[in-house]
Amino acid sequence: MIYNQEFFDAGIDRKGTNALKWTAKGLMQEGVVPLWVADMDFACAEPIREALVKRAQHPCYGYTTITDEDAQALIGFWQRRHNLTLKEEYLVMLPTVVTGLRACVQTMTHPGDGVIVQTPVYGPFLSAIQESGRVLLEARLKRDEIGRYTMDYDAIEDHLRKGARLMMLCNPHNPVSRAWSREELKALLSLLNRYNAKLVSDEIHADFVHQPREFCPVLSLEEARENVVMLVAASKTFNIAGLLQATAISRDPDVVRMLKRYMERTGASSGNIFALEGTRAAYTNCDDWLDGLMAYLKENQKALLETMEQLLPQAVISPMEATFLAWADVRAYHIPHSEIGEKCSKHGVALTDGQFFGETTGEGFMRINYGCPRGQLLKGLQRFAHAIKEA
Ligand SMILES: Cc1ncc(COP(=O)(O)O)c(C=O)c1O
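(A) Layout of the pattern of salt bridges. Applying the stated criterion to the full structure yields 27 salt bridges. In this structure, Asp-287 and Arg-80 form a salt bridge, with 2.9 Å as the shortest nitrogen-oxygen distance. Residue Asp-287 is found in helix H11 (residues 287–311), and its partner Arg-80 is found in helix H4 (residues 68–82); the two are separated by 207 residues along the sequence. What makes Asp-287 buried here is its relative accessible area of 18%. With relative accessibility at 42%, the residue Arg-80 sits in the partly exposed group.

As structure tokens, this is what we get:
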């Protein structure tokens, strides 16, 4: 199989698969173009499908074990793609990254503790803190006139000075599309180290950093001590989020032990037969699919910018350094935030509401998922423009 423009242009008909993106109640109806939840409308790489089909053909689906091969597949991928050396004893298998966010909050802090996040940020960061009796400490990202975001170290330090002991980072950052640089991350870790604070870094979008930017895993930095946990998955990278498989990585044996114990206590163990088969195949045999995808996404970025420039010239799209999600500022059109979603729906397009990422920092923003065939993207953008410009 060749993963070229033709392959990605073809997309995939997801009818009959109960795809959340195409069937979510209240948001999706027949004919609506979905540019929202972060999965992609492309067929996954052939080796993943083959691995799943092969396993499905064996008609016994009893309990299964996580093997050394599962760990080695992940370790090999991170060495090959990100030059990061990991060891099997650092890994804790989880069903999802969101499980990991919650597990880290629960095991690395106590009720009533403050946890720092940089808003706007992926919504489950906020709920993981709020729903576990911890205190959400916002260190809002700073935004410049072209919509590029940077860290507010003063705001972070202010929280640390007042006693915060954990920060949750999104690296690269969803929704603002920043690929944090080595220098920015070093400065952040130095600051956290000065206050003896811990860091959980959600690196699920690691593989979506667009040239000339480079991805920097936090565990590659000398400043990353035992206090750092990275959360990773093949789910976004290879479009297999429905399989439910993720991994927490820590060099601290105590953290690994605590996370494993937490997972045992929840009664949920990861590693169902198909998740393991699919993830192993993804990490070992699908680099060509990923390279083809990245080239296609780069072209989608160009198409998105050209279309927005033409149809919604006052909208500001944050520079697209990472992910397959564009952060659109439509405040110049002066539409009350609560009406934007309704207008989009009326015009037949579904985007992610900016306030999912922060009530204040997301007001007047919408997130556009461009991980889809170009034709679908352009159709959705045209509808978005009509919705915003409607009198
Ligand atoms: C930053 C980030 N973390 C986690 C997730 C969800 O991952 P999972 O499905 O493994 O919980 C997403 C999905 O969009 C995401 O953008």
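Structure's up, so let's keep going.
(B) Representation of empty space enclosed by the protein within the structure. Counted by the stated rule, this structure contains 1 cavity of 30 Å³ or more. What the largest cavity holds in volume is close to 80 Å³. Here the lining of the largest cavity gets 4 residues from one element, more than from any other, and that element is helix H10 (residues 273–285). For the lining of the largest cavity, the class distribution of residues is 7 nonpolar, 3 polar and 2 charged.

(C) Expanded view of helix H9 (residues 253–266). Along its 14 residues, H9 runs 20 Å from first to last C-alpha, staying within 8% of the 20 Å computed at 1.5 Å per residue. Within H9, burial applies to Val-255, Val-256, Leu-259, Tyr-262 and Met-263. Looking down the long axis of H9, one finds its buried residues gathered within 125° of arc, a one-sided arrangement. Facing away from the buried side of H9, by more than 90 degrees, are the exposed residues Pro-253, Glu-264 and Arg-265. Where H9 is buried, its residues meet strand E2 (91–94), helix H5 (97–108), strand E9 (228–232) and strand E10 (246–250).

(D) Local environment of the domain arrangement of the chain. According to the domain assignment, the chain contains domain 1 (5–46 + 287–389) and domain 2 (53–285). The C-alpha-based centres of domain 1 and domain 2 are spaced at 24 Å. With 36 residues of domain 1 at the interface, the matching set in domain 2 holds 37 residues. In this assembly, domain 1 packs against domain 2 so that about 3100 Å² is buried in total across both faces, 55% of it on carbon and sulfur atoms. Summed over the shared surface of domain 1 and domain 2, the result is 7 salt bridges. Across the domain 1-domain 2 interface, the total number found is 22 residue pairs in polar contact (both at pLDDT 80 or more). Looking at the side of domain 1 that touches domain 2, the elements with two or more residues in it are H11, strand E11 (316–317), strand E12 (325–329) and strand E15 (365–369). Ranked by residues supplied to the side of domain 1 that touches domain 2, first place goes to H11 with 10 residues. Of the residues assigned to the side of domain 1 that touches domain 2, the class counts are 21 nonpolar, 6 polar and 9 charged.

(E) Representation of the nonpolar core. By size, the foremost hydrophobic cluster in this structure holds 102 residues, and its most contacted members are Trp-78, Phe-238, Trp-289, Leu-304, Ile-368 and Phe-384. Tallying contributions element by element places H11 first for this core, with 8 residues. Composition of this core by domain shows at least three residues from each of domain 1 (5–46 + 287–389) and domain 2 (53–285). Other than its neighbours up to four places away in sequence, Trp-289 contacts Tyr-3, Phe-7, Phe-8, Met-40, Phe-42, Ala-43, Cys-44, Ala-45, Thr-237, Phe-238 and Asn-239.

(F) Focus on the packing of H11 against helix H13 (residues 374–389). Where H11 contacts H13, the two axes come as close as 10 Å, and the packing angle between them is 25°. By the angle class used here, H11 and H13 are roughly parallel. Handedness of the crossing formed by H11 with H13: right-handed. Contacts from Tyr-296, Glu-299, Asn-300, Ala-303, Leu-304, Thr-307, Met-308 and Leu-311 of H11 reach H13 at Arg-374, Leu-377, Leu-378, Leu-381, Gln-382, Phe-384, Ala-385 and Lys-389. For the contact of H11 with H13, the class distribution of residues is 10 nonpolar, 3 polar and 3 charged.

Each value, and the rule that gives it
Residue positions are given per chain, counting from 1 as you read along its sequence in written order. Local features in a predicted model are, by the rule used here, given only for residues with pLDDT of at least 70; side-chain atom pairs are given and counted only at 80 or more, and totals for whole chains, interfaces and linings are based on all residues. Each side-chain value is derived from all of the structure's non-hydrogen atoms; neither hydrogens nor water enter the calculation. Just to be clear on terms, a salt bridge is a Lys or Arg side-chain nitrogen sitting within 4 Å of an Asp or Glu carboxyl oxygen. The secondary structure listing takes helices from DSSP runs of H or I that are at least 4 residues long and strands from runs of E that are at least 2 residues long, numbered from the N terminus. Using a 1.4 Å probe on the protein chains alone, a residue whose accessible area is under 20% of its type maximum counts as buried, one over 50% counts as exposed, and one in between counts as partly exposed. Two kinds of site are reported from a 1 Å grid over the protein atoms alone, namely cavities, where a 1.4 Å probe fits but cannot get out, and pockets, open sets with protein on both sides within 12 Å along at least five of seven lines, and residues are called lining when an atom falls within 4 Å of a point. Grid points are joined across faces, edges and corners, and a volume is the space filled by probe spheres set on the points. In this classification, the charged set is Asp, Glu, Lys and Arg, the nonpolar set is Ala, Val, Leu, Ile, Met, Phe, Trp, Tyr, Cys and Pro, and all remaining amino acids, among them Gly, are polar. Given the number of residues in a helix, its expected span is that number minus one, multiplied by 1.5 Å. Each direction from the helix axis to a C-beta atom contributes to the arc, which is the arc of those directions. We call two residues in contact whenever any of their non-hydrogen atoms come within 4.5 Å of each other. An automatic or database domain assignment provides the domain bounds reported here. By definition, the buried area sums, over both parts, the 1.4 Å-probe accessible area that each loses when the two are put together. Any pair of N or O atoms that falls within 3.5 Å is considered a polar contact. Within protein, one atom must be able to donate a hydrogen and the other to accept it, and sequence-neighbouring residues count only if both atoms are side-chain atoms. Nonpolar cores are built from buried Ala, Val, Leu, Ile, Met, Phe, Trp, Tyr and Cys residues. Side-chain atoms within 4.5 Å join them into one set. In this description, a line fitted to the C-alpha atoms serves as the axis of each element, helices being fitted only across the stretch in contact, and the angle between N-to-C directions of two axes falls anywhere from 0 to 180 degrees. Throughout, the term roughly parallel applies to angles under 35 degrees, roughly antiparallel to angles over 145, roughly perpendicular to angles from 65 to 115, and oblique to all others. Should the near helix be turned anticlockwise from the far one by less than a right angle, the crossing is left-handed, and should it be turned clockwise, the crossing is right-handed.

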